[in-house]
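Fold and geometry: a report
The chain contents come next:
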Amino acid sequence: MSGALGHVATVLPEHRASWDAAARTVRVEVPGPALPDACGAVRAGLDAPLTVMTATDDRGLGRGYGLAYVFSLDAADAFVSIEARLDPEHPSFPSVTPRVPAAHWYEREAKDLLGLDPQGHPDPRRLVLHEDWPRGLHPLRKDFDPRQRPPRAPHAEGPITGVRGEGVMEIPVGPIHAGIIEPGHFRFGAVGELVLQLEARLFYTHRGIEKAAEGASLERALFLAERICGVCSLSNAVAFCQAVEALAGAMPSRRALLVRSTLLELERLYNHVGDIANLCAGASLQLGVYQGGVLRERLQELCERVAGHRYLFGVAWPGGVRRDLDAAGRADLRATLAGVEGDLRGLVAALFDTESFVERITGTGVLTPEVARTLGAVGVTARASGVSRDTRRIHPYAAYDPARIAPVVRTEGDVRARLLVRADEATASFALVRDFLGELDATPPGALVTALGPLPAERSALGIVESPRGEDVHHVVTGRDGALHRYRVRSASYNWAVVPFAVPGSMVPDFPLINKSFELCYACLDR
Amino acid sequence: MFALLRRRLRQRLATSGYPAVRESLPEGARGLPAFEATRCDLNGACAAVCPTGAITVSTRMALDLGACVACGRCAEVCVPGALTIAREPAAPERSRAALVIPLTVLAAPDPRAAALAARARAVLGRSLHVRHLDAGSCNGCDWEINATTNAVHDLQRFGIDFVASPRHADVLLVTGTMTRNLELAARRTYDAMGDPRLVVAVGACAVSGAPYPAGYASGEGAASALPVDVFVPGCPPRPQAIIDGLLLAMGRLETRAER
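Bear in mind the structure is a predicted one, so any value in this text is a computation, not a measurement.

A few points about the overall build of chain B
Helix and strand counts for chain B come out as 9 helices and 10 strands. Counting over 259 residues, chain B shows a buried share of 52%. When contacts within chain B are restricted to residue pairs at least 6 apart in sequence, long-range pairs at least 24 apart make up 80% of them.

If you want it as structure tokens, here you go:
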């Protein structure tokens, strides 16, 4: 703790910092105009990546609007939060993005949803709200009734900038795509088949989950957290629970943490196996799709047998888990995963024996380490582009032992690298599950849920889980009486911001392959 | 290349025995609830814990399967044991109202199984082309729809297949709440389909919007913008239930009321 405070003091000597032990966070209050310098100093001086930025409407608490830029002090397993208050009459602030480019989408969200204006932001276009949303209405403001449906008010400004030039074709794709996939709009600027530029417009599945959680009971908020995304369901649910448990000062039992960890790895496995199969679809290798698809189906059936649900809904609960992994379930896990592990190894070997497939995936869709680092990419995407960060190692949670999480990193940043990172992580997951099952065998049965008690008022905490795609960050802020004041979710699918950088230079038909190599969830991003 | 082919030739057939073999949920699986009326004492604990308001208890107990997200809380708090988790996946229905179960219908056993198998066998060979549309879901239903095309469930053996354009489609298979941001694209998709065209809503949020409160971003399900012919409850419904929904849409299945 004192180490973290000391580090922060060296780069921000002029600001007062305090240590919030429950949230493992150094809090630094700065005036609005000082935000870019303070954030820039932390990012550069402490090499601390931006974890999340959360904007809040605290006018009802007498504190105007709030901004919190939270950076990760990886070496200390702690965070530093640069916080500012904005005058409700003039809710603008100097954009941090020119100093910390990873802040770009957070500031655009704050502008859309709360009306906080980032001055000097290089790309202040709408992000969450589409262009027919009326100006001046901000859904996350406390005086906005979530049940209202404002009329559609088309503007002159279109969302896409596009690219012009002789011989340049503009190819719009979506939001509804050809296959069975979530919606999103992509605009290619292409000369022949060569892609010059790609722009994306997302948030078609924005359901207003963050607003719906405000003032809700923990139980109701948990069921919403579980359904932010179907395939990251357990990761999101556990992250929410961890934030709430940090606020309550409650720790689930060792047994509950082991159950969580085992099933979180099972979620990673069914996703990685399924994503490897889907990646083959991007290259039209149907044999890979179907063989991988059968493996994924076996894992989903395993999820249902041992956890009650094919997507692991209904497992996490604030304070623990709702059901145990009994001896029969553990035996089922061991037997089924042993078979899948061998089959997956054989499948990946067979894929790399297929020259046409290897040629498609090599050198395609390169995301450079510089872009990955600068724009704050996380997870598989980042690790395939040289950024060696994994929440299970840096901010360990549940039953994870950081010493058992070996870095799986590549530097090529192409489709092939992202496939291999998944394959190698899957191999590691099979071993982790065996470890957790062994410890469960030796742990006597006990309480699965630790009672939480009331949440403290006007405090905040983060819950972070390494989902199959990367870190899911859940920021929970309580208001008066400990009620849910603000629930901010920053999932790994914020990686969508870097996808357009991986496509230029490839050909248009490579886009499905590149997209499937990232395999980000739209629902996780859109909320 | 040959390594892949060799692997395939060594493997057995992966396809399930459905529809000749109807699956039942494994022990402890979290499906939709079953209700034994004789045990209910109308204490209302179930209605109090339901996160979507799917249960109402007054002089009788009513459970809206269309708003049920299969969280299992009602069964956990039911002291008399009237509410348990059903062993069979819930059946698709043609109307929203048919998903709101009064006591007696839910208590009756489901005799559809034999009729379903006979009809499916009799009509193999007819074709149905399906356009998928995610109107704001969590993607659980979309992944289950994707699973209907895998080798285990193999939707294509029923003559059903997915197409890339609404112009080629007979059925629009809709997931999600009908969000504000997607609604226009959804309407355009439906408008682009030629007659005869059908709409099948898959999953709790496409049937009713649950658990996402309707408002500035989220709608009340597919019926907010489109005429829906079949409602498939569940969160998400399993691949076999989705196939059932498509078979019901093309008249290859009967609802309980129709028999």
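A look at the confidence of the model for chain B
Residue and element names in this part refer to chain B. Per-residue confidence for chain B gives a mean pLDDT of 84; residues scoring 70 or more make up 88%. Segment residues 103-110 is flagged for pLDDT under 50; beyond a separation of four residues in sequence, or across chains, it makes 15 contacts in the model. Per the prediction output, this complex has pTM 0.93; the corresponding ipTM is 0.93.

Brief notes about the packing of helix 9 (residues 327-352) of chain A against helix 1 (residues 2-10) of chain B
Here helix 9 of chain A crosses helix 1 of chain B at 145°, and the two axes come no closer than 7 Å. Here helix 9 of chain A contributes A:G346, A:A349 and A:A350 to the contact with helix 1 of chain B, which in turn contributes B:A3, B:L4 and B:R7. Partitioned by chemical class, the residues of the contact of helix 9 of chain A with helix 1 of chain B number 4 nonpolar, 1 polar and 1 charged.

Topic: the sheet that holds strand 2 (residues 55-57) of chain B
All names here are of chain B. Sheet architecture is open: 3 strands sit in the order 2-3-5, paired in antiparallel fashion. Both outer strands of the open sheet, strand 2 and strand 5 (100-101), are each paired with one neighbouring strand and no more. Relative to strand 5, strand 3 (residues 61-64) runs antiparallel, the two being bridged by 2 bridges. Looking across to strand 5, one finds that L63 is bridged to I101.

As for the domain arrangement of chain A
Residues and elements named next belong to chain A. Segmenting chain A into domains produces domain 1 (2-119) and domain 2 (209-526). Counting residues at the interface gives 18 residues for domain 1, matched by 22 residues for domain 2. Breaking the side of domain 1 that touches domain 2 down by element, the ones donating at least two residues are strand 3 (50-57), strand 4 (65-73) and helix 3 (104-114). Here the side of domain 1 that touches domain 2 gets 5 residues from one element, more than from any other, and that element is strand 3.

Some points on the interface of chain A and chain B
If you look at the interface, chain A gives 51 residues, while chain B gives 47 residues. Elements supplying a minimum of two residues to the side of chain A that touches chain B: helix 4 (209-213), helix 5 (218-226), helix 8 (286-307) and helix 9 of chain A. Residue contributions to the side of chain A that touches chain B peak at 9 residues, all from helix 8 of chain A. Looking at side-chain class alone, the side of chain A that touches chain B contains 26 nonpolar, 14 polar and 11 charged residues.

Calculation criteria
Residues numbered from 1 in each chain as written. Chains lettered and ligands numbered in written order. Predicted model: local features only at pLDDT ≥ 70, side-chain atom pairs only at ≥ 80, totals over all residues. Helix = DSSP H or I, 4+ residues; strand = E, 2+ residues; numbered from the N terminus. Buried ≥ 20, exposed ≤ 12 C-beta atoms within 10 Å, placed from the backbone. Contact = placed C-beta atoms within 7 Å. pLDDT = per-residue confidence, 0-100. Axes fitted to C-alpha atoms, helices over the stretch in contact; angles between N-to-C directions. Nonpolar A, V, L, I, M, F, W, Y, C, P; charged D, E, K, R; others polar. Pairing = 2+ DSSP bridges. Domains from an automatic or database assignment.

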